[in-house]
Amino acid sequence: MNFQKGKLMKTAVTQLLECEYPVLLSGMTGVSTPELAGAVSNAGGLGLLATADLTLEQTRQAVRRTRRITDRPFGANVPLLIPGAEEKMAVLVEEKVPVVNYTLGSGEQVADVVHRYGGKVVATVTTAKHALSAEKHGADALIVTGHEAAAHGGAVASMVLIPGIVDRVNIPVIAAGGIADGRGLAAALVLGAEGVAMGTRFMNTRESPVHDTMKQLCNQKAVEDTVYSDRIDGLPCRALDSSGARKMMADRLYLFKALANSRFAARAYGFPWIAAMAGILLSGYRRSKQLARMANAFRAVKLAIDDGDQKRGVFLMGQVTGLIDETLTVGQVMEKILIEAASARARLAAGMGQE
Ligand SMILES: Cc1cc2nc3c(=O)[nH]c(=O)nc-3n(C[C@H](O)[C@H](O)[C@H](O)COP(=O)(O)O)c2cc1C
């Protein structure tokens, strides 16, 4: 492993995913566009496109656009619990996307079809139980997301979760949640991970499509300024502590609002609303309630990303918001990470009496 700028870093993840540096752009709905994913791959990392709020045709076009932006490997993220996830996965397979990343579901059917065209499968998990199951189902690597993360991090913080899972599986682990700089990269490697995935840090770059207000909030806020609750979108989820997030956490579940918002979400997913509603209602009371919350959150997250609406918007952001105070280009972020990781490595060597 070599942290010097200009030199390649070699880990199991760079070898598996064929990138120069073991640094991935997390798949983030409304954020990880072809432009951002392409920029990360062009800078030597690996960009994961987000597809959750794209129709099937938009997903296909996003993959093709990414290919025009970069000739390097990239990937695409699909949350399996959204309506139409299976069809979306089929589009990624038809387009032979080099790295398929699934989350929020069991990817039993995914590995075989992706491996058939030479693609790689990365499963996102937050517990050892799901890590072992993804490994059993043929995943080539895992993104392990700790408590610090934006959106759906696990109950356990990365410092403990990463080594806990590294000890239990035989495939490479990519650490996510709480990583925004070279110290985080070095720490993740020391904990036994073979790479990192960053969401919040890349969300706040010049190439990122989010509203300037969201980037500025990220530059201003401290590590304590987020909330973690299952009342935002029905799953434990981290967002900036804002009036929009507080309102959603305090709200009773307004079913009429959920009904209207589910229509909005179904349209965005390119999924017939009636079929979505039938599927939701047939899934049982608990899951219906969770999906209803998800429909409400979908709208609020969009208001934050597209309009920077601080009153009603929910700004998904990780605790690392407190470590970030400038909006850089993707290239500058990558360069800074490599320099910082090199100095972390020197500090580690000195502290352990080797220099
Ligand atoms: C605006 C936003 C949208 C997100 N959407 C998704 C998504 O669609 N799929 C997914 O797997 N994770 C999603 N995430 C979570 C990230 O993939 C990742 O796990 C998280 O950002 C890592 O933590 P960090 O922010 O501390 O780097 C999202 C995060 C943000 C900030």
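Report on the accompanying structure. (Residues numbered from 1 in each chain as written. Predicted model: local features only at pLDDT ≥ 70, side-chain atom pairs only at ≥ 80, totals over all residues. Heavy atoms only, no water.)

## Comments concerning the environment of arginine 68
Here is step 1: Tracing the sequence through the fold places arginine 68 in helix H3 (residues 56-69).
Here is step 2: Residue arginine 68 is classed as exposed on the basis of its relative accessible area, which comes to 59%. (Helix = DSSP H or I, 4+ residues; strand = E, 2+ residues; numbered from the N terminus. Buried < 20%, exposed > 50% of the residue type's maximum accessible area, 1.4 Å probe, protein only.)

## Here we look at the site of the ligand
Here is step 1: Not every one of the 18 residues close to the ligand is listed here, only the nearest: Thr29, Asn77, Gly178, Gly199 and Thr200.
Here is step 2: Taking asparagine 77, its side chain carries an N or O atom lying 3.0 Å from an oxygen atom of the ligand.
Here is step 3: Glycine 199 places a polar main-chain atom, nitrogen or oxygen, 2.8 Å from an oxygen atom of the ligand.
Here is step 4: Surface burial for the ligand is 91%, taken as the share of its 620 Å² of free accessible area covered by protein chains.
Here is step 5: Tallied by class, the residues present in the shell around the ligand amount to 8 nonpolar, 10 polar and no charged. (Near = heavy atom within 4 Å. Polar contact = N/O pair within 3.5 Å; in protein donor to acceptor, adjacent residues only side chain to side chain. Areas by Shrake-Rupley, 256 points an atom, 1.4 Å probe, with all protein chains shown as cover. Nonpolar A, V, L, I, M, F, W, Y, C, P; charged D, E, K, R; others polar.)

## Observations regarding the sheet that holds strand E6 (residues 141-145)
Here is step 1: Spatially, 8 strands are ordered E1-E2-E3-E4-E5-E6-E7-E8 in a closed barrel, and the strand pairing comes out parallel. For this sheet, the mean angle separating the axes of adjacent strands, direction not counted, is 25°.
Here is step 2: Pairing of strand E4 (residues 99-103) with strand E5 (residues 120-125), which is carried by 4 bridges, proceeds in the parallel orientation. Within E5, the residue paired with tyrosine 102 across the bridge is alanine 123. (Pairing = 2+ DSSP bridges. Axes fitted to C-alpha atoms, helices over the stretch in contact; angles between N-to-C directions.)

## Side note on the side chain of arginine 238
Here is step 1: Tracing the backbone through its elements, the reader meets arginine 238 in strand E10 (residues 237-240).
Here is step 2: Comment: no salt bridge for buried arginine 238; closest opposite-charge side chain is glutamate 148, at 6.7 Å.
Here is step 3: Looking at arginine 238, its side chain comes within polar contact range of the main-chain oxygen of histidine 147, at 2.7 Å.
Here is step 4: In this structure, arginine 238 is in contact with His147, Glu148, Ala149, Ala150, Ala151, Thr226, Val227, Tyr228, Leu316, Met317, Gly318 and Gln319, ignoring residues within four places of it in sequence. (Lys, Arg positive; Asp, Glu negative; His and termini not counted. Salt bridge = Lys/Arg side-chain N within 4 Å of Asp/Glu carboxyl O. Contact = heavy atoms within 4.5 Å.)

## What to know about the packing of helix H8 (residues 182-190) against helix H15 (residues 330-351)
Any two packed helices are characterised by the angle at which their axes cross and by the distance between the axes.
Here is step 1: The contact between H8 and H15 brings their axes to 7 Å, and the two run at 55°. With respect to H15, the axis of H8 lies oblique. Here the hand of the crossing between H8 and H15 comes out right-handed. Touching Gly182, Arg183, Leu185, Ala186 and Val190 of H8 are Ile337, Glu340, Ala341, Ala344, Arg347 and Leu348, all from H15.
Here is step 2: Of the residues that constitute the contact of H8 with H15, the class distribution is 7 nonpolar, 1 polar and 3 charged. (Parallel < 35°, antiparallel > 145°, perpendicular 65-115°, else oblique. Left-handed = near helix turned anticlockwise from the far one by under 90°.)

## Brief notes about helix H7 (residues 158-166)
Here is step 1: Ser158, Leu161, Ile162 and Ile165 are the residues of H7 that are buried. Buried positions in H7, seen along its axis, are confined to an arc of 95° and lie on one side of it. Residues of H7 that are exposed and point more than 90 degrees away from the buried face comprise Met159 and Val160. (Arc of directions from axis to C-beta.)

## Describing the environment of leucine 348
Here is step 1: Within the secondary structure, leucine 348 sits in helix H15.
Here is step 2: A residue is classified by how much of its surface remains accessible, and leucine 348, at 40% relative accessible area, is partly exposed.
Here is step 3: Sequence separation of leucine 348 and alanine 187 is 161 residues, and the distance between their C-alpha atoms is 9.8 Å.

Read these as layout, nothing more, since geometry by itself doesn't imply function.
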